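Each chain, written out:
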Amino acid sequence: MANHMMETYRSVISQRLTKFEIARVIGARALQLAMGAPPLIDVSNIEIKDPVYIAILELLKRLLPMSIIRPGKDDTRELVSVNKLITPEIERYLSSILKSWDISRRV
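A short tour of the structure in this document, coming up. None of the values given here were measured: they were computed from a predicted structure.

Observations regarding the packing of helix H3 (residues 51–60) against helix H4 (residues 88–99)
Contact pair H3 / H4: the axes reach a minimum separation of 10 Å and the direction vectors enclose 150 degrees. In terms of their interaxial angle, H3 and H4 are classed as roughly antiparallel. In this structure, the crossing between H3 and H4 has a hand that is left-handed. Two secondary-structure elements touch here, H3 through Tyr 53, Ile 56, Leu 57, Leu 59 and Leu 60 and H4 through Glu 91, Leu 94, Ser 95, Ile 97 and Leu 98. Looking at the contact of H3 with H4, its residues break down into 8 nonpolar, 1 polar and 1 charged.

Okay, structure coming up:
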């Protein structure tokens, strides 16, 4: 049973970011930006200078040098680049967030 569950995990979930990983990656990068880290994109052309907004843009452009530990074969672990785990569904989801962004609603 456990072996079957791991195979299901590897074939389905391990090929994309989960909603929890998306939140963790964006949150971690937004914190870095808020603490003074240089952005990986040119922010002079964007209206909204919010660190979360910039972090989402960087993730969409696949510029984040972050990796996630995933279970590998034979009970090993492997590092997988966040950029490889972005699916078209995740791109659409994050793009819809950016399109609906309204700075007046954020405090």
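A few points about unusual backbone geometry
One non-glycine residue, Arg 62, lies in positive phi territory at about 60 degrees. Within the fold, Arg 62 resides in the loop between H3 and strand E1 (67–71).

Side note on the environment of Leu 60
You can see Leu 60 is positioned in helix H3. Since its relative accessible area comes to 17%, Leu 60 is described here as buried. Here the alpha-carbon distance between Leu 60 and Glu 91, two residues 31 residues apart in the chain, equals 6.4 Å. Here Leu 60 is in contact with Glu 91, Leu 94, Ser 95 and Leu 98, once residues within four sequence places are set aside.

Digging into the pattern of salt bridges
Under the criterion given, the structure shown has 3 salt bridges. Arg 62 serves as the salt-bridge partner of Glu 91, at 2.6 Å between the closest nitrogen and oxygen. Pair noted here: Glu 91 is in helix H4 and Arg 62 is in the loop between H3 and E1, with a separation of 29 residues, a long-range link. Since its relative accessible area comes to 27%, Glu 91 is described here as partly exposed.

Cut-offs and rules
- Residues numbered from 1 in each chain as written.
- Predicted model: local features only at pLDDT ≥ 70, side-chain atom pairs only at ≥ 80, totals over all residues.
- Heavy atoms only, no water.
- Axes fitted to C-alpha atoms, helices over the stretch in contact; angles between N-to-C directions.
- Helix = DSSP H or I, 4+ residues; strand = E, 2+ residues; numbered from the N terminus.
- Parallel < 35°, antiparallel > 145°, perpendicular 65-115°, else oblique.
- Left-handed = near helix turned anticlockwise from the far one by under 90°.
- Contact = heavy atoms within 4.5 Å.
- Nonpolar A, V, L, I, M, F, W, Y, C, P; charged D, E, K, R; others polar.
- Buried < 20%, exposed > 50% of the residue type's maximum accessible area, 1.4 Å probe, protein only.
- Salt bridge = Lys/Arg side-chain N within 4 Å of Asp/Glu carboxyl O.

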